[in-house]
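Per-entry structural report
The primary structure of each chain is shown beneath.
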Amino acid sequence: QVQLVESGGGLVQAGGSLRLSCAASGRTFSSYAMGWFRQAPGKEREFVTVISWTGDSTYYADSVKGRFTISRDNAKNTVYLQMNSLKPEDTAVYYCAARAGGWGRNTSPYLYDYWGQGTQVTVSS
């Protein structure tokens, strides 16, 4: 069992930056691939990025590539999402998710086993 708690969301102007954190409980955090998803009002949950359990492999949605960076610290049971050059269209609730199993470019939310409660990110124009 893994419990996930996101933090770091807030209101920021376009062009600004935020860093989201996702703290995980459970002894097996390091064996899970970790992903970030987001969901805007009236829209489906959207894949943002994923990182392998070692941190060696990452994959990004085209919409955030070059602006967002995912990282993890297994000693702290935490995964991060550094978001730069934010745009109003990045406004959404951001969720972290954990997936057991091997590495893959897993973009479907149905492939993830555990979810956090989400943190709101609002980018003003």
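Described below are features of the structure shown in this document. (Residues numbered from 1 in each chain as written. Predicted model: local features only at pLDDT ≥ 70, side-chain atom pairs only at ≥ 80, totals over all residues. Heavy atoms only, no water.)

Attention now goes to the overall build of the protein. Scanning the protein from terminus to terminus reveals 0 helices and 11 strands. Along the protein, helices (α) and strands (β) appear in the sequence β-β-β-β-β-β-β-β-β-β-β when read from the amino end. Overall, the C-alpha framework of the protein stretches about 40 × 25 × 25 Å when taken along its three principal axes. The buried share among the 125 residues of the protein stands at 43%. Within the structure as shown, the protein displays about 6,300 Å² of accessible surface, and the carbon and sulfur contribution to it stands at 46%. Distance from the positive charge centre (12 side chains) to the negative charge centre (9 side chains) of the protein: 3 Å. (Helix = DSSP H or I, 4+ residues; strand = E, 2+ residues; numbered from the N terminus. Buried < 20%, exposed > 50% of the residue type's maximum accessible area, 1.4 Å probe, protein only. Areas by Shrake-Rupley, 256 points an atom, 1.4 Å probe, with all protein chains shown as cover. Lys, Arg positive; Asp, Glu negative; His and termini not counted. Charge placed at Lys NZ, Arg CZ, Asp CG, Glu CD.)

Moving on, we get to the nonpolar core. Generally speaking, a soluble globular protein has its nonpolar side chains buried in company with each other. Ranked by internal contacts, the top residues of the largest apolar core, which has 35 residues, are L4, M34, W36, F68, L81, M83 and Y94. Elements with a contribution of two residues or more to this core: β3 (18-25), β4 (33-39), β5 (46-51), β7 (68-73), β8 (78-83), β9 (92-99) and β11 (119-124). No other element matches the 5 residues that β9 contributes to this core. With residues up to four places along the chain from it excluded, the contact list for M83 reads G16, S17, L18, L20, R67, F68, Y94 and V121. (Core = buried A, V, L, I, M, F, W, Y, C linked by side-chain atoms within 4.5 Å. Contact = heavy atoms within 4.5 Å.)

Okay, the state of the cysteines next. What the rule picks out here adds up to 1 disulfide. Across the disulfide from C22 sits C96; the S-S distance is 2.0 Å. Torsion about the S-S bond of the C22 and C96 cystine: about 50°, corresponding to right-handed handedness. One end of the pair, C22, is in strand β3; the other, C96, is in strand β9, and 74 residues separate them in sequence. (Disulfide = S-S within 2.5 Å.)

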